[in-house]
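Single-letter residue listing:
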Amino acid sequence: MFYTNSDVSLPARNGADKLVYKSAESVAVSIVAKDEAFNFQAPATPGRYAWQQYAGGCVVATGVMVVEQDLATAPDDYDPRSQAEKTLEALDAKIAGRALTIQQSKVTVDGRSIEYMNSIDELLKWRQHFAEQVAKEQGHASPTTEICVLRRD
C-alpha cells in the first residue's frame, strides 16, 4: 500500500525495463527502470492500480498496488468513509424514512437503487450485509458470525 503523492520504489523483476500502471479511471502511466528499480511518485488519486512489468516488450510480472489518501494533503471535501460505510448510512436513513440528500436516496446496491427498494425486508437484508462488511473493515467480529464456546475441564 502507498499513499497519494508518496515516493514509490518497485524492484524490477525478471530483467524488466518498463513498468505500466493503470486504474479503471486513469490513463496508463509508463515508467522506465533505473538501477533495477522503478522509482516514481504515487498517483494523486486513491484507488487500486493494476501494474505490469515488461522486458523486451513481454510481460514478465503483474500485480496490484493500492493507493490510499494521504490525509495531510486531502482536499477539504474528502470523505474518509469507505463505500460500505456510506451505503450503510444511506440504508439506515432510508429505513428510518429520513433520506436527507439525493445521494442518500439513490445509493446503488448490487445493481439496484435504494430509491426503488420498497420492501423493508430487502432493506434490512442489505443493511445486515453492509453492517457486516463495515465491521470486517474496522476489524470487529460480526455479531452474526461471532462464536463463543464454553467448555468445562
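Residues numbered from 1 in each chain as written. Predicted model: local features only at pLDDT ≥ 70, side-chain atom pairs only at ≥ 80, totals over all residues. Heavy atoms only, no water.

Q: I'd like a rundown of the pairing of strand E6 (residues 47-55), residues and numbers included.
A: Of the pairings in the sheet, the one linking strand E3 (residues 18-22) to E6 comprises five bridges and is antiparallel in character. Residue pairing across strands places Tyr21 opposite Trp51, the latter belonging to E6. Judged from the nine bridges that link them, E6 and strand E7 (residues 58-68) form a sheet pairing that is antiparallel. The residue bridging Trp51 from the neighbouring strand is Gly63, located in E7. What sits between the antiparallel neighbours E6 and E7 is a turn of two residues, in which Gly56 has the positive phi angle 60°. (Pairing = 2+ DSSP bridges. Helix = DSSP H or I, 4+ residues; strand = E, 2+ residues; numbered from the N terminus.)

Q: Break down the environment of Leu123 for me, with residues and values.
A: Checked against the element boundaries, Leu123 lands in helix H3 (residues 120-137). On the basis of relative accessibility, which here comes to 4%, the residue Leu123 falls in the buried class. Along the backbone, Leu123 and Ile95 are 28 residues apart, and their C-alpha atoms lie at a distance of 6.9 Å. (Buried < 20%, exposed > 50% of the residue type's maximum accessible area, 1.4 Å probe, protein only.)

Q: Explain the environment of Leu19 residue by residue, including any values.
A: Among the structural elements, Leu19 can be located in strand E3. Residue Leu19 is classed as buried on the basis of its relative accessible area of 0%. Note: C-alpha distance between Leu19 and Asn39 (20 residues apart in sequence) is 10.0 Å. If we ignore the near neighbours within four places in the chain, the residues touching Leu19 are Leu10, Val29, Ser30, Ile31, Phe38, Phe40, Trp51, Gln52 and Gln53. (Contact = heavy atoms within 4.5 Å.)

Q: Requested: an account of the packing of helix H1 (residues 83-95) against H3, with residues and values cited.
A: Put simply, H1 and H3 touch, their axes get as near as 9 Å, and they point 150° apart. For the element pair H1 / H3, the angle class is roughly antiparallel. Helix-helix and strand crossings are classified by hand; for H1 and H3 the assignment is left-handed. Of the residues in H3, those in contact with Ala84, Glu85, Thr87, Leu88, Leu91, Asp92, Lys94 and Ile95 of H1 are Ile120, Leu123, Leu124, Trp126, Arg127, Phe130, Ala131, Gln133, Val134 and Glu137. For the contact of H1 with H3, a count of residues per class yields eleven nonpolar, two polar and five charged. (Axes fitted to C-alpha atoms, helices over the stretch in contact; angles between N-to-C directions. Parallel < 35°, antiparallel > 145°, perpendicular 65-115°, else oblique. Left-handed = near helix turned anticlockwise from the far one by under 90°. Nonpolar A, V, L, I, M, F, W, Y, C, P; charged D, E, K, R; others polar.)

Q: Give a detailed account of the nonpolar core, specifying residues and quantitative values.
A: If you look at the biggest cluster of nonpolar residues, it comprises 15 residues, and the most contacted ones within it are Leu19, Tyr21, Phe40 and Met65. At the level of secondary structure, the elements contributing two or more residues to this core comprise strand E2 (7-11), E3, strand E5 (37-41), E6 and E7. A per-element tally of this core places E7 first, with three residues. The residues contacting Met65, other than those within four sequence positions of it, are Phe2, Tyr21, Phe40, Pro43, Gly47, Arg48, Tyr49 and Trp51. Judged by nonpolar contacts, the second largest core, of seven residues, contains Leu88, Leu91, Trp126 and Phe130. (Core = buried A, V, L, I, M, F, W, Y, C linked by side-chain atoms within 4.5 Å.)

Q: Could you give an account of the pattern of salt bridges, with specific residues and numbers?
A: When charged atoms on two side chains of opposite charge get close, those side chains can pair. Counted according to the given criterion, the structure contains three salt bridges. Two residues, Glu89 and Arg81, come together in a salt bridge whose shortest N-O distance is 2.6 Å. Owing to a relative accessible area of 39%, Glu89 belongs among the partly exposed residues under this scheme. Overall, Arg81 belongs to the partly exposed group, its relative accessible area being 31%. We note a salt bridge from Arg127 to Asp92, for which the minimum N-O separation is 2.5 Å. Residue Arg127 is located in helix H3, and its partner Asp92 is located in helix H1; the two are separated by 35 residues in the primary sequence. Ionic contacts of the salt-bridge type, sharing partners, join the residues Asp79, Arg81 and Glu89 into one network. (Salt bridge = Lys/Arg side-chain N within 4 Å of Asp/Glu carboxyl O.)

Any functional reading would require information beyond the geometric quantities listed.
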